[in-house]
Amino acid sequence: METIKKPLMISDTILRDAHQSQAATRMRIEDMLPACEVLDNVGYWSLECWGGATFDVCMRYLNEDPWERLRLLKKAMPKTRLQMLLRGQNLVGYRHYSDDVVQQFCKKSIENGIDVVRIFDALNDIRNMETSMRYVKEYGGHCEAAISYTKSPVHSTDYFVKMAEELEKRGADSICIKDMANLLLPYDAYDFVKKLKENIGVPIHLHTHNTTGTGDMTYILAAQAGVDIVDCALSPLANGTAQPATESLVASLEGTERDAGLDLKQLSKAAVHFRKVADTLDIDPKVLRVDTNTLVYQVPGGMLSNLLSQLKQANAEEKFEAVLAEVPEVRKDFGYPPLVTPTSQIVGTQAVLNVLSGERYKMFPKESKELLRGGYGHLPGEVNEDVRKKAIGDQEIITARPADFIEPEMEKMRQESKDFAKTEEDVLSYVMLPQVAKTFLEGREAVKNRPFEAEKKGTEEDKVRTLIVEDLTNGNF
């Protein structure tokens, strides 16, 4: 292995993905602000603090305005890039939005303090990323285009390198390998990063978790191959389903050619604060365990727990192994989609249905039908046409970009929300989550005086995962 001589840059996820992965995104702005001065002086490449489930949880459970959270963080950390995660045409919601919504959301995100926007699509369909990429660039943000990493007969290193080349051509300022299920093994990471560095001119950013216990090793090998930036989490909320620990990686590289140059004393100081915060969060010990089932079935850790939850509700826990074995079969029939929201929920739910009904594809949820019809975008592999025919009959398959069929929405949403939305940001919150935002915005003044209660309920994402039991009971297929 050749020696790479340059500092490894670190993005820290303590303000977003770390507590989303371990504590259902329940950290409050009050938990973050006391540590911001220290974080701002660490020397991170960026701090991820927004996106994902932030909108849903802020308004639904924490009595917070997500836009105000962003403004406060920007004011408290003026020296450090703030980063967010964006689901392509889905933004931070659970459906495709019109292009004018995408434009306005990107504009307002950057105006309110976001510097780096990581954009991904669950199917790696670049058509679902191109609009947000264009507008992030137009409004002066750093456009980090992400590859949703997965393994299948159609997902080779060459496949991903070709995708990265196309993303670079479309203006990506950096390329992220988004390994959401911790499937990228150390030597595979070395080969993948090396190939990208040979073909891509922009920085390569690697994101993984430590679900399978391989994350730290993957980062060390990726560093040796020349990766530019990696995602870590401060130790109080690191590892397990979150990212590898920042301090551990920084210490491991100290004095080497890839020395990250971060001050361990400052990191330790920040960790002291977040250790106290972590003690107040409802963290299930299971999220800290190494779960190698992901390597066997290629099912992300969060998806495993949700499958088990679905089966418990159906009083069919003994079918868990059968469902796990069914997931790869469904995924193959559906054209090998990467297993990330929402495709992980769709494939998992279909697998549960196949096992519980005792017959493969006896019934299809509407989400399965829409996926097979092309409503989520282009499926990467060959679809089993018999299965598709059974699901959608003679319906026409969508081959165009799904958002091409969505009429402009912003003006309509401004009118719908005019009685309670005071700003354009309020309107965008309403577009993302209409009922949640309406309730929050209508009661905003009262909410300010309401005591904090972090209810142990699910987000919209959790609801999607558990609809199987309700639908199966009611026959809604």
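Residues numbered from 1 in each chain as written. Predicted model: local features only at pLDDT ≥ 70, side-chain atom pairs only at ≥ 80, totals over all residues. Heavy atoms only, no water.

Draft legend 1. Representation of the overall build of the chain. In terms of helices and strands, the chain carries 23 helices and eight strands. By the compact-globule yardstick of 23 Å for 477 residues, the chain fits well, its C-alpha radius of gyration being 22 Å. Overall, the C-alpha framework of the chain stretches about 60 × 60 × 45 Å when taken along its three principal axes. Counting every position in the chain, which comprises 477 residues, the buried fraction comes to 59%. (Helix = DSSP H or I, 4+ residues; strand = E, 2+ residues; numbered from the N terminus. Rg over C-alpha atoms; globule rule 2.2 N^0.38 Å. Buried < 20%, exposed > 50% of the residue type's maximum accessible area, 1.4 Å probe, protein only.)

Draft legend 2. Fine view of the pattern of salt bridges. Inspection of the entire model under this criterion finds 34 salt bridges. We note a salt bridge from Glu 68 to Arg 71, for which the minimum N-O separation is 3.0 Å. Of the two residues, Glu 68 and Arg 71 both sit in helix H5 (residues 66–76), three residues apart, roughly one turn of that helix. Linking Glu 111 and Lys 107 is a salt bridge whose minimum nitrogen-to-oxygen distance equals 2.9 Å. Of this pair, Glu 111 and Lys 107 both sit in helix H6 (residues 99–111), separated by four residues, roughly a single helical turn. Accessibility expressed as a relative area gives 23% for Lys 107, which makes it partly exposed. Each member of the salt-bridge network shares a partner with another, and the members are Lys 107, Lys 108, Glu 111 and Glu 425. (Salt bridge = Lys/Arg side-chain N within 4 Å of Asp/Glu carboxyl O.)

Draft legend 3. Focus on the side chain of Arg 69. Of note, Arg 69 is situated in helix H5. For Arg 69, a relative accessible area of 1% translates into the label buried. Looking at Arg 69, its side chain comes within polar contact range of the main-chain oxygen of Met 27, at 3.0 Å. Once you skip the residues sitting within four places of it in the chain, Arg 69 turns out to touch His 19, Met 27, Arg 28, Ile 29, Met 32, Thr 54, Cys 58, Leu 62 and Glu 64. (Polar contact = N/O pair within 3.5 Å; in protein donor to acceptor, adjacent residues only side chain to side chain. Contact = heavy atoms within 4.5 Å.)

Draft legend 4. Up close: the state of the cysteines. As enumerated under the stated definition, the model contains zero disulfides in all. No disulfide involves Cys 36; its sulfur sits 8.8 Å from that of Cys 49, the nearest cysteine. (Disulfide = S-S within 2.5 Å.)

Draft legend 5. Region of the structure containing H5. Among the residues making up H5, those that are buried are Pro 66, Trp 67, Arg 69, Leu 70 and Leu 73. Here the buried residues of H5 occupy an arc of 155 degrees about the axis, which is enough to place them on one side. For H5, the side-chain oxygen to backbone nitrogen distance between the N-cap and Trp 67 is 2.9 Å, and the N-cap itself is Asp 65. (Arc of directions from axis to C-beta.)

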